[in-house]
Amino acid sequence: MTASEPSGIRVQNVGLTLGTRKFRFDCELPGGAITAITGPSGSGKSTLLNLIAGFETPDSGKISIGGSNVTALHPSQRPVSLVFQDNNLFAHLDLATNIGLGIHPALKLTSGDRKRISEALERVGLGGYEKRMPGTLSGGERQRAAFARALVRQRPVLLLDEPFAALDPGLRQSMARLLLELHRETGNTVAIVTHDAGEVRQLADHALFIDHGEVALQAEIEVFLMRRDVPGLTEFLDL
Amino acid sequence: MLTKAERQRGYAGGGVVFAGITLFIALAVIALLFFDSGDTGRPLFDAYVWRILRFTLLQAGLSTLLSVALALPLALALARQPKFPGRIWIIRLMAVPMGLPVLIGALGLIGIWGRTGVLNSGLAMIGVSDPVSIYGLSGILIAHVFFNLPLACRLLLAGLERLPPEYWRLSASLGLPSFSVFRFVEWPAVKPLLAGIAGLVFMLCATSFTLVLVLGGGPAATTLEVAIYQSLRFDFDPARAISLSLLQIAVTASVLALMALLPTPGDDNAATGRSARRFDGGSSAARFWDGIFIVLAVLFLCLPLVSILVAGVKADFARLLTTPVFWKAVWTSVWIALMAAMISLAAAITIINARAALADSRKPGLTARSFSALLASLSSLVLLVPPVVIGTGWFLLLRPYGEVSRFAPLLVVMINAMTALPFVMRVLSPAFAIHRQRTARQATNLGVFGFTRLRLIDLPVLKTPLATALSFAMALSLGDLGAVALFGSEDLVTLPWLVYSRLGSYRTADADGFALILALLCLGLTIAGTAGQRDRKDERG
């Protein structure tokens, strides 16, 4: 995740219709910062993330990362790594293979690559877990392994879709600290979908509030936390 | 938490059904073993018998190989192209061969692949002089693939659909090339299913009777089941029927034993047609090759069905529908199917209740547990001894007591009920288990018992699975030729037997007309059954 220059994400007038639901996004996620994407369930948080990752193609508008237009690019060609809430690892492959697929998609690994895998595992606190199967790990350990894969991928943008939602509250804290450390080391751009107000306060430099398929508010975190005039936001922050 | 009376009724019912089914099968086998065929002057297993065994295993092995090897790329293509036009209908089409009477399927295949069929006429026109033959080994293989490729494909597709949707996003995000997707995602998902599916298809092909009867025949292309039938019906050579039957039981027993060691492919969530979004099927090359494969498969499955329809509507229905023998056959078929289905359902419900009663006791002893296991394995016992073998045994058993045709309808009913039992059990037992789990405590707590409980609590929920099971069992029995073939006569004419005998006397137009009627009847029943099942799923959300 060594971004040479901050890769900001710009979502310009992006329109998308999924079934009967309409979305219209226009927002900016500053480079080298952590942006929290929040909002009620069903508001379109994950849809925004899918658009940035390339799993949805906009009907109109433009998405650019680090200044270059990625709207038409396949997910694999975008400079992003992903961490979902669950199923980040192929359950039938050991950790080294799962992480190795992040380096080379046909798993042609050099000894240097293997060393990097071990170092990444070490960094997230899973040193020596190369041969472990995902099923033998706890939920928190599996998410750590997903972070290790993001580390070896060295993409300037990291997208997280409620990465800690399935974990116990105590574990969330330590995972959030790990995410923060990795972010400071690599200076990457992070977008994290969350409906945990505590996480927003702890992690974010910047935040978006999504409601009814639109960006209702985007602001620096200090401003975001003070706003009382956005419907729904106060309830969200007080929870 | 059953009352003592309920539990005792459960035990007693289980005992009666268990004794009944075991006796019905065991008596047939004992009759075979102890039949005094006199000295035939040849060993029990002569060269002829071995040759038939070899062919049975060869055709079953090749059929399995072809069915599974073709089903795999088809399932992969269908999974990769979730937006393929009419995909949901293609998946539904793959359920049709399972509901179609085998004899009718064979007629359809002859219409396409036969000497004067569409395909060979086309090939002859472009100058290919040595067309594909629907008779003999190649024909049996084509027919077995027609019936089993869809089954294997649906089970494989279900395995692929069970994968978490994140896997496809990860693959796309990591930029896995298609071979990596196959190696790291698809193959690990289907590999554990393959052995079980292959076992199931092998079992079906090794015991396939009707297809081999119609498309095979002759010493070069005869399987054990058909040879048993021929030795009894044409050669009247009980000694040979006995040795063939014993071999048949040995074959099914070994396959069943092997299958018990393999993981069973779960049909419970067979392909629903709902699918995860895929990001790797969009390239034009992937779309092109997947499309070609899917279209070829659809043609292969669809054309014989179209052929049944086209050939059928040409028949002179005004005359066919006024022939007395037709109405007699309809009456006999429906009567037999209804009786067989009711007996099958009653046996299944009794088994389920008995197992529930056994499970209900706080500390089931070894006896209770082994009795429960025995009850559960009853359906396999039915598979162990194929209908033709049971029929042969009872034929020999009853012959001293007069004309066998007098007992024939009863035997056909019983054999069809047995054949349907595994299917009925598979529909009913999960439905009953879920229902009991949801309602038993409340009903017991409220003190709702007996008829009130049946009317207010059990029937409203269970009527759908009961209707599904009934329609499946009836369709199975309506389309069956195996049991009737042994006993069919002037006095016992069912619809499949009517089609088969018209075919034998070269009145193909009549056969096609009757075949269409029978196909519509069976498919109608199957659709009615599955439609109920779908509603139930929607209800659950």
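Residues numbered from 1 in each chain as written. Chains lettered and ligands numbered in written order. Predicted model: local features only at pLDDT ≥ 70, side-chain atom pairs only at ≥ 80, totals over all residues. Heavy atoms only, no water.

When you go through chain B residue by residue, the secondary structure sums to 23 helices and zero strands. A compact globule built from 541 residues would reach a C-alpha radius of gyration of about 24 Å, and chain B, at 24 Å, matches this within 12%. Projecting the C-alpha coordinates of chain B onto the three principal axes gives extents of approximately 70 × 70 × 50 Å. In chain B, which comprises 541 residues, the proportion classed as buried is 51%. The contacts of chain B with a sequence gap of at least 6 include a subset with a gap of at least 24, amounting to 83%. Accessible area of chain B: about 24,600 Å², with a carbon and sulfur share of 67%. Both charge centroids of chain B, one from 44 positive and one from 27 negative side chains, sit 9 Å from each other. (Helix = DSSP H or I, 4+ residues; strand = E, 2+ residues; numbered from the N terminus. Rg over C-alpha atoms; globule rule 2.2 N^0.38 Å. Buried < 20%, exposed > 50% of the residue type's maximum accessible area, 1.4 Å probe, protein only. Contact = heavy atoms within 4.5 Å. Areas by Shrake-Rupley, 256 points an atom, 1.4 Å probe, with all protein chains shown as cover. Lys, Arg positive; Asp, Glu negative; His and termini not counted. Charge placed at Lys NZ, Arg CZ, Asp CG, Glu CD.)

It is common to report an interface's size as the accessible area lost on association of the parts. Between chain B and chain A, the contact holds 19 residues from the first and 25 residues from the second. Joining chain B to chain A, the criterion identifies one salt bridge. Of the charged contacts in the structure, one is a salt bridge between B:Arg277 and A:Glu56, with a shortest N-O distance of 2.9 Å. The interface formed by chain B and chain A contains 11 residue pairs in polar contact (both at pLDDT 80 or more). Looking at the side of chain B that touches chain A, the elements that each hand over two or more residues are helix H8 (166–174) and helix H9 (178–206) of chain B. With eight residues, the single largest contributor to the side of chain B that touches chain A is H8(B). Among the residues forming the side of chain B that touches chain A, the class breakdown is 11 nonpolar, four polar and four charged. (Salt bridge = Lys/Arg side-chain N within 4 Å of Asp/Glu carboxyl O. Polar contact = N/O pair within 3.5 Å; in protein donor to acceptor, adjacent residues only side chain to side chain. Nonpolar A, V, L, I, M, F, W, Y, C, P; charged D, E, K, R; others polar.)

Residues and elements named next belong to chain B. Within the structure shown, the criterion is met by zero disulfides over all chains. With no disulfide of its own, Cys205 has Cys153 as its nearest cysteine by sulfur position, at a separation of 16 Å. What makes Cys205 buried here is its relative accessible area of 1%. Summary of cysteine pairing: Cys302 is not part of a disulfide, and the nearest cysteine sulfur, belonging to Cys153, is at 14 Å. With relative accessibility at 27%, the residue Cys302 sits in the partly exposed group. (Disulfide = S-S within 2.5 Å.)

All names here are of chain A. Under the domain assignment used here, chain A contains domain 1 (1–79 + 157–239) and domain 2 (85–154). Taking only C-alpha atoms into account, the centre of domain 1 sits 24 Å from that of domain 2. If you look at the interface, domain 1 gives 19 residues, while domain 2 gives 11 residues. Between domain 1 and domain 2, a total of about 1,300 Å² is buried, with carbon and sulfur atoms accounting for 65% of that surface. If you look at where domain 1 meets domain 2, you find two salt bridges. In this structure, Arg123 engages Glu185 in a salt bridge whose closest nitrogen and oxygen atoms are separated by 2.6 Å. Linking domain 1 with domain 2 are four residue pairs in polar contact (both at pLDDT 80 or more), by the criterion used here. Looking at the side of domain 1 that touches domain 2, the elements with two or more residues in it are strand S7 (157–161) and helix H5 (169–186). (Domains from an automatic or database assignment. Buried area = accessible area lost by both parts, 1.4 Å probe.)

When pLDDT is averaged along chain A, the result is 90; 97% of the residues meet or exceed 70. Taken element by element, the predicted model of chain A shows its lowest mean pLDDT in helix H8 (residues 233–238) of chain A (82) and its highest in strand S8 (residues 189–193) of chain A (96). (pLDDT = per-residue confidence, 0-100.)

Residues and elements named next belong to chain B. Applying the stated rule across the entire model yields 19 aromatic pairs over all chains. For the ring pair Phe326 and Trp327, a centre distance of 5.0 Å and an interplane angle of 70 degrees mean the geometry is edge-to-face. The partly exposed category is assigned to Trp327, whose relative accessible area is 47%. Relative to Tyr500, the ring of Trp497 lies with its centre 5.9 Å away and its plane at 45 degrees, an arrangement referred to as tilted. In this pair, Trp497 and Tyr500 both sit in helix H22 (residues 495–504), three residues apart, roughly one turn of the helix. Using a relative accessible area of 11% as the deciding quantity, one classes Trp497 as buried. Through a chain of ring-to-ring contacts, the aromatic side chains of Trp113, Phe146, Phe147 and Phe300 assemble into a single cluster. Lying across the ring of Trp89, Arg92 places its NZ or CZ 4.7 Å from the centre. The ring of Trp168 carries the charged tip of Arg278 above its face, separated from the ring centre by 3.6 Å. (Phe/Tyr/Trp six-rings, centres within 6.5 Å; stacked < 30°, edge-to-face > 60°. Lys NZ or Arg CZ within 6 Å of the ring centre and 35° of its normal.)

Right, let's get into the pairing of strand S6 (residues 80–83) of chain A. Residues and elements named next belong to chain A. Neither face of S6 is left uncovered, since the one carrying Val80 and Leu82 and the one carrying Ser81 and Val83 both have all their residues buried. In terms of strand pairing, S6 meets S7 through four bridges, oriented parallel. Following the sheet pairing, Val83 is matched in S7 by Leu160. (Pairing = 2+ DSSP bridges.)

Next up on the list: unusual backbone geometry. Only a minority of non-glycine residues have a phi that is not negative, and only a minority of peptide bonds are not trans. Residues and elements named next belong to chain A. You will see that Asn13, though not glycine, has its phi angle at about 45 degrees, which is positive. For Asn13, the position within the fold is in strand S1 (residues 9–18). A relative accessible area of 48% means that Asn13 is categorised as partly exposed. Of note, Glu162 is a non-glycine position whose phi angle comes to about 45 degrees, a positive value. Among the structural elements, Glu162 can be located in the loop between S7 and H5.

Relative to the assigned elements, B:Ser231 resides in helix H11 (residues 224–233). On the basis of relative accessible area, B:Ser231 is assigned to the buried category, the value being 2%.

Position of B:Ser471 relative to the elements: it lies in helix H20 (residues 450–478). When near neighbours in sequence (up to four residues on either side) are disregarded, B:Ser471 contacts B:Leu525 and B:Gly529.

Judged by nonpolar contacts, the single largest core of 251 residues is most densely connected at A:Phe147 and B:Phe487. When residues are assigned to domains, this core turns out to be shared by domain 1 (1–79 + 157–239) and domain 2 (85–154) of chain A, each giving three or more. With near-sequence residues (within four places) excluded, A:Phe147 lies in contact with A:Val83, A:Val124, A:Leu160, A:Phe164, A:Met175, A:Leu178, A:Leu179 and A:Leu182. (Core = buried A, V, L, I, M, F, W, Y, C linked by side-chain atoms within 4.5 Å.)

What follows concerns the packing of helix H7 (residues 136–161) of chain B against helix H13 (residues 284–313) of chain B. Residues and elements named next belong to chain B. For the pair H7 and H13, the least separation of the axes is 10 Å and the interaxial angle reads 110 degrees. Considered as vectors, H7 and H13 are oriented roughly perpendicular to each other. Between H7 and H13 lies a crossing whose hand is left-handed. Residues Ile142, Val145, Phe146 and Pro150 of H7 lie in contact with H13, whose contacting residues are Phe300, Leu301, Pro304 and Leu305. When grouped by side-chain class, the residues that make up the contact of H7 with H13 number eight nonpolar, no polar and no charged. (Axes fitted to C-alpha atoms, helices over the stretch in contact; angles between N-to-C directions. Parallel < 35°, antiparallel > 145°, perpendicular 65-115°, else oblique. Left-handed = near helix turned anticlockwise from the far one by under 90°.)

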